[in-house]
Amino acid sequence: MRAALAGLPVSPIHYFETIGSTNDYAQSLAEQAAPDSALVVADEQTRGRGRLSRKWVTFPNAGLAFSLVLRPSPGEMNALGLFAPLWGLAVCRALREWLHLNAEIKWPNDVLVNRRKICGILVEAHWLGSNLQYVIAGIGVNVAPSSVPASGDLVFPATCVENELGRPIEREELLAAILTAFFAERARLGSAAFFETWMRWLAFKDEWVRVEGASGSHHGRVVGISPDGSLRLRAENGAEIEVAVGDVSLRAE
Ligand code: ADP
């Protein structure tokens, strides 16, 4: 893995056969002043987390689970809410350009292939009062068929890279491809090109969806993304709705 990552600006690299959660470990590193782009990789997570108190399952020898410590620059501070979609774009780019899979982003940040979830992303900003301390980004990708949890344990159908591709891949090469794409996308965070790419790879475009969240339930046709990363829907009565990122889950209708 270290050989595959040589040349990428990730340092230090911490690798674990098994760990509770890579995000929790990256957080403890950040508390001890770990620099931007410190990387934690694990073969297995026993307490992997998703958004809110949901779980992300990482079985041994099967997937990719890693977290990166991020210390946003002053310019990036204005676009903190775009870090999660930034990782979605990076994973999509790696799957599309390296493996030619038709990867899409289910707003706000899950990655789908053939309308099934292949990657989960959890970005956590840590604040002290009104001062941002650091951001932890955690990414889980299903690679081998054994990485996919039983369907009864899932709220959204899942798949894995090797099933979609029809052949095995090296996980460390996928990790290198995702990190390469991440640093390229990070350089254009919030730019017109960033939003154009996000729009191009947006799942369920022009389709009817339902978005459930803290602000209630919204039903509409997917129109696009607004500059702050909200989802734009067209309701049945023609009105445009903007749904802010938060505790939301999107389903096709
Ligand atoms: P969402 O943003 O869709 O709510 P998260 O990215 O927070 O989901 O991930 C948590 C959810 O993902 C869990 O509730 C579970 O249904 C699903 N999940 C957990 N592990 C996996 C996995 N390895 N592959 C696909 N889906 C998973």
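Time to look at the pairing of strand E7 (residues 131-142). Counting buried positions over the 12 residues of E7 gives 10, a clear majority of the element. As judged from the eight bridges shared by strand E3 (residues 63-70) and E7, these two strands associate in the antiparallel manner. Counterpart to Leu 68 in the pairing with E7 is Ala 137. Summarising the sheet, strand E6 (residues 116-128) and E7 pair through 10 bridges and their orientation is antiparallel. Bridged to His 126 within E7 is Tyr 134. Hairpin connection of E6 to E7: two residues between the antiparallel strands, including Gly 129 at a positive phi of 60 degrees.

In terms of nonpolar packing, the biggest core is built from 69 residues, with Phe 66, Trp 87, Leu 95, Leu 174, Leu 179 and Trp 198 touching the most fellow members. If sequence neighbours within four positions are ignored, Leu 95 has contacts with His 100, Leu 101, Ala 103, Val 111, Val 113, Ile 118, Val 161 and Leu 174. Ala 30, Ala 42, Val 69 and Tyr 134 belong to the second largest nonpolar core, which has 11 residues in total.

Around the ligand sit 15 residues, and of these Arg 51, Arg 54, Asp 110, Lys 117 and Asn 142 come closest. Between the ligand and Arg 51, the relevant distance is 2.5 Å, taken from an oxygen atom to a main-chain nitrogen or oxygen of the residue. Take Arg 54: an N or O atom from its side chain is 2.9 Å from an oxygen atom of the ligand. For the ligand, whose free accessible area comes to 570 Å², the fraction covered by protein is 94%. Taken together, the residues that form the shell around the ligand break down as six nonpolar, three polar and six charged.

Right, let's talk about helix H3 (residues 83-98) for a bit. Under the 1.5 Å per step criterion, the end-to-end length of H3 is 22 Å for 16 residues, consistent within 8% with the ideal 22 Å. Across the 16 residues of H3, 13 count as buried, placing the element largely inside the fold. Where H3 ends, the next residue or the one after it, His 100, has phi of about 60 degrees, a positive value.

Bringing the packing of H3 against helix H6 (residues 192-200) into the picture now. Where H3 contacts H6, the two axes come as close as 11 Å, and the packing angle between them is 65 degrees. When the axes of H3 and H6 are compared, the crossing they make is left-handed. On H6, the residues touching Pro 85, Leu 86, Leu 89 and Arg 93 of H3 are Phe 194, Thr 197 and Trp 198. Split into classes, the residues belonging to the contact of H3 with H6 amount to five nonpolar, one polar and one charged.

Calculation notes
- Residues numbered from 1 in each chain as written.
- Predicted model: local features only at pLDDT ≥ 70, side-chain atom pairs only at ≥ 80, totals over all residues.
- Heavy atoms only, no water.
- Buried < 20%, exposed > 50% of the residue type's maximum accessible area, 1.4 Å probe, protein only.
- Helix = DSSP H or I, 4+ residues; strand = E, 2+ residues; numbered from the N terminus.
- Pairing = 2+ DSSP bridges.
- Core = buried A, V, L, I, M, F, W, Y, C linked by side-chain atoms within 4.5 Å.
- Contact = heavy atoms within 4.5 Å.
- Near = heavy atom within 4 Å.
- Polar contact = N/O pair within 3.5 Å; in protein donor to acceptor, adjacent residues only side chain to side chain.
- Areas by Shrake-Rupley, 256 points an atom, 1.4 Å probe, with all protein chains shown as cover.
- Nonpolar A, V, L, I, M, F, W, Y, C, P; charged D, E, K, R; others polar.
- Expected span 1.5 Å × (residues − 1).
- Axes fitted to C-alpha atoms, helices over the stretch in contact; angles between N-to-C directions.
- Left-handed = near helix turned anticlockwise from the far one by under 90°.

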